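Survey of secondary and tertiary structure
Letter by letter, the chains look like this.
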Amino acid sequence: MNGTGNIVALRPFPDAARLELNDQQLRTNLRRATHTIRDKRLRVVGEVDDWEALRRAGAAIKDDVLARLPELLERFEESATRAGAVVHWARDAAEACEIVTRLVTGTAAREVVKVKSMATQEIGLNEALEAAGIEATETDLAELIVQLADDTPSHILVPAIHYNRSQIRDIFRSRMPGVTDGLTDDPPALAEAARRHLRAKFLSATVGISGANFAIAETGTLVVVESEGNGRMCLTLPETLISVVGIEKILPTFSELEVFLQLLPRSSTGERMNPYTSMWTGVTPGDGPRTTHIVLVDNGRTATLADEIGRQALRCIRCSACLNVCPVYERVGGHAYGSVYPGPIGAILSPQLTSSGANSTLPYASSLCGACFDACPVRINIPEVLVHLRQKGVDAKRGKPSAERAAFVSLSWIMRDRRRYAAALRAARRGSAPLRGRGRLRRLPWPASAWTDSRDVPLPPKQTFREWWAKR
Ligand code: SF4
């Protein structure tokens, strides 16, 4: 079954990217933020002698999980149920939203507080709750900024990375209740304003909604890793806790956490350890929420699992290291990808989860430089999957007429015969003679302009190797 929700791009990547490239402020903000995080990551990763062994261990554990996912999911359901949680299964985004909305409505709550969660963004939960008359408040600071601005996140870890301090101050002044024009863009002042705003929400909400970084099959435990502590308030204060979890988040036992709690903080925020790691197992009388629900979401993951090369995308632990080193992401930002999963991981995950529409352009949103593979803590070979998805796209169109196909048929006819090839080279040299001083061709007439719109063409050499050789 194909995935649905906020992972389906509405327009092709090249169109969206062209628009974003016009935003100079966006590029400045992104460059500053991504370079800061990537430098921090490099420093702390450099401190770990066995980093490569840890990466390999992370990849191996995730591959093992993917190989026996049905068995581990059943074990997780058993353990979580035994501990007092109620487990639900959702095939796609619509089903997941319907389950969560029904659960919230059943408590008679009209507002909920949320821990930052990619899964709930993926399924479009806030929109579904709003349609049901339920107000959802994001409690992660960056997520709150995006929500107040009526915007969408543009980074996995820092959803408001595209804003600078003064832009955030302006959003708070105009959209946050109780904030006056006297608010400065000093980070502590902005954090204090958000804290006051959120405190009232924490104290009044009876339902909390979270995702999970990991789900332990052995015990039915969920794990949330965060930096601010607001997540822990959402996880402990409300009477009802609903967690939306992608089915690939499973780990067999607690002992595997040792590997991921070393890989994740260093790769995501460049910290040796994140400040808050919360774990909960079902319900505990007299402590924390009285009712816990866990919604296990497929939304295209099973279909992705069926692809032997593409399935490695399901190892992803959403650290965002690949975004921070990607030259394409740094210039266009997250919105160009049209999905809650931007950057290199988005370019391979969104098309596989949904397998349709404008997402088919995403595997081309890369220079294939390989920086993402080097940065990935679970060794997802993103360039390999990108090429594989491009190949699948070409195969799907094989036999159908297109300008690209016509060009390659002509090229293949020319290159099959040495004399034809030499004649074509001579003709290209003569045709480009007037442009020789400029070094490269910037624009060719249609249909070749489809190529030169975004690439330069090198001029043919003055002399071929064969000509040079013949003269000796
Ligand atoms: S693909 Fe790798 S680097 Fe990118 S977010 Fe996922 S785990 Fe992190």
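Residues numbered from 1 in each chain as written. Predicted model: local features only at pLDDT ≥ 70, side-chain atom pairs only at ≥ 80, totals over all residues. Heavy atoms only, no water.

Under an unreviewed UniProt entry, the name given to the chain is L-lactate dehydrogenase complex protein LldF, and the source organism is Catenuloplanes atrovinosus.

1. Brief notes about the nonpolar core
Inclusion rule: Residues enter a nonpolar core if they are buried and are Ala, Val, Leu, Ile, Met, Phe, Trp, Tyr or Cys, with the set joined through side-chain atoms within 4.5 Å. Summary of the burial criterion: residues with accessible area below 20% of their type's maximum are buried, those above 50% are exposed, and those between are partly exposed, where the area comes from a 1.4 Å probe applied to protein chains only. Runs of H or I in DSSP of at least four residues are treated as helices and runs of E of at least two as strands, each being numbered from the N terminus. When checking whether two residues touch, look at their non-hydrogen atoms; a contact exists if any pair is within 4.5 Å.
Grouped together as the largest cluster of nonpolar side chains are 103 residues, with contacts concentrated most on F13, F76, F172, I250, F260, I345 and I348. No other element matches the 6 residues that helix α12 (residues 257–268) contributes to this core. Once residues lying within four places of it in the same chain are set aside, the contact partners of F172 are L141, I145, L148, V179, L183, L190, A193 and A194. Grouped together as the second largest cluster of nonpolar side chains are 22 residues, L103, A109, A119 and V244 included.

2. Some remarks on the site of the ligand
The line we're drawing: Nearness is defined per residue: one heavy atom within 4 Å of the molecule or strand is enough. Any residue that is not Ala, Val, Leu, Ile, Met, Phe, Trp, Tyr, Cys, Pro, Asp, Glu, Lys or Arg is counted as polar, Gly included; the first ten are nonpolar and the last four charged.
Neighbouring the ligand are 13 residues; C316, C319, S320, C322 and C376 lie closest to it. Across the shell around the ligand, the residue classes tally to 11 nonpolar, 1 polar and 1 charged.

3. Overview of the sheet that holds strand β2 (residues 111–114)
The condition that has to hold: Note on pairing: DSSP must find at least two bridges between two strands before they are called paired. Think of each axis as a best-fit line through the C-alpha atoms, taken over the contacting stretch in the case of a helix, with angles from 0 to 180 degrees between the N-to-C directions.
Pairing is parallel across the open sheet formed by 6 strands, whose spatial order is β1-β10-β7-β4-β2-β3. Lying at the two open borders of the sheet, with one neighbouring strand each, are β1 (86–90) and β3 (135–138). Put simply, the sheet's adjacent strands are angled 25° from each other on average, direction ignored. Of the strand pairs in this sheet, strand β7 (residues 240–246) and strand β10 (residues 291–297) are connected by 7 bridges, and their pairing is parallel. Across the sheet, residue G246 finds its bridge partner in β10, namely V297. The sheet strands contacting helix α4 (residues 69–82) are β1 and β10, and the helix crosses β1 at an angle near 150°.

4. Some thoughts on the sheet that holds strand β6 (residues 221–226)
The pairing of strands in a sheet happens through backbone hydrogen bonds and is either parallel or antiparallel. Spatial strand order, β8-β5-β6-β9: 4 strands in an open sheet with mixed pairing. Looking at strand neighbours, the two that pair on one side only are β8 (250–251) and β9 (276–281), the edges of this open sheet. Both β6 and β9 contribute to a ladder of 6 bridges, which runs antiparallel. If you follow T221 over to β9, its bridge partner there is T281.

5. A few points about the pattern of salt bridges
Spelled out, the test is: What counts as a salt bridge is simple: a side-chain nitrogen of Lys or Arg found within 4 Å of a carboxyl oxygen of Asp or Glu.
In this structure the tally under the stated criterion is 29 salt bridges. Here E47 and R266 are joined by a salt bridge, their closest N and O atoms 3.2 Å apart. Here R266 lies in helix α12 and E47 lies in the loop between α2 (24–46) and α3 (51–67), a separation of 219 residues in the sequence. The shortest N-O distance in the salt bridge between R175 and D150 comes to 2.7 Å. Note that R175 is positioned in helix α9 (residues 165–175) and D150 in the loop between α8 (141–148) and α9, a separation of 25 residues in sequence. Overall, R175 belongs to the partly exposed group, its relative accessible area being 40%. Among the residues examined, D150 registers a relative accessible area of 62% and is labelled exposed. A single network of salt bridges, built from pairs that share partners, joins E52, R55, R56 and R379.

6. Some details on the UniProt feature "domain: LUD" (unreviewed entry) in the chain
We apply this condition: UniProt positions are given in the numbering used here, feature names are shortened, and annotations may be inferred rather than shown by experiment.
The UniProt feature table records "domain: LUD" (unreviewed entry) at residues 73–292. Here residues 73–292 runs as 42% helix and 20% strand, with 18 Å between its end C-alpha atoms.

7. Notes on the side chain of R315
To be explicit about the condition: Pairs of N or O atoms within 3.5 Å make up the polar contacts considered here, provided that, within protein, one atom can donate a hydrogen while the other can accept it, and that residues adjacent in sequence are counted only when both atoms are side-chain atoms.
Here R315 is to be found in the loop between α13 (301–305) and α14 (321–324). Judged by relative accessible area, R315 falls into the buried class, the value being 10%. Looking at R315, its side chain comes within polar contact range of the main-chain oxygen of R379, at 2.7 Å. Excluding residues that lie within four positions of it along the chain, R315 makes contacts with A59, K62, D63, L66, V378, R379 and I380.

8. Comments concerning the state of the cysteines
We apply this condition: Two cysteine sulfur atoms make up a disulfide if the distance between them is within 2.5 Å.
Scanning the model with the defined rule gives 0 disulfides in all. You can see C97 has no disulfide; the closest cysteine sulfur is in C234, sitting 18 Å from it.

9. Details of the pairing of β2
The pairing of β2 with β3 spans 4 bridges and is parallel. By the bridge assignment, E111 is partnered in β3 with E135. Where β2 meets strand β4 (residues 207–210), 3 bridges bridge the pair, whose relative direction is parallel. Opposite V113, over in β4, you have G208 as the bridge partner.

10. What about the packing of helix α19 (residues 403–415) against helix α20 (residues 418–432)?
The geometry of α19 relative to α20 is characterised by a closest axis approach of 6 Å and an angle of 115° between their N-to-C directions. Residue-level contacts link W413, I414 and M415 of α19 to R420, Y421 and A424 of α20.

11. Here's the deal with the side chain of S350
Here S350 lies in helix α16 (residues 343–354). Those residues within four positions of S350 in sequence are excluded, and the remaining contacts are I7, S339, Y341, I345, S355, N359 and L362.

12. Points about the packing of aromatic side chains
Inclusion rule: To pair, rings of Phe, Tyr and Trp, with the six-membered ring standing in for Trp, must have centres within 6.5 Å; the planes then decide the type, stacked if under 30 degrees apart, edge-to-face if over 60, and tilted in the middle. For a ring to carry a charge above it, either NZ of a lysine or CZ of an arginine must fall within 6 Å of the ring centroid while also lying within 35 degrees of the normal to the ring plane.
This structure, assessed with the given rule, holds 6 aromatic pairs. Judged by centre distance (6.0 Å) and plane angle (25°), the ring pair of F465 and W469 falls under stacked. Of this pair, F465 and W469 are both found in helix α22 (residues 465–470), 4 residues apart, which corresponds to roughly one turn of the helix. For the ring pair W468 and W469, a centre distance of 6.2 Å and an interplane angle of 40° mean the geometry is tilted. Judged by its relative accessible area of 33%, W468 falls in the partly exposed class. These aromatic residues form a ring-pair network of at least three members: F13, Y329 and Y337. Directly above the ring of F373 sits R55, whose terminal nitrogen or CZ lies 5.9 Å from the centroid. Seen from the ring of F260, K62 lies directly overhead, with NZ or CZ sitting 5.8 Å from the centre.

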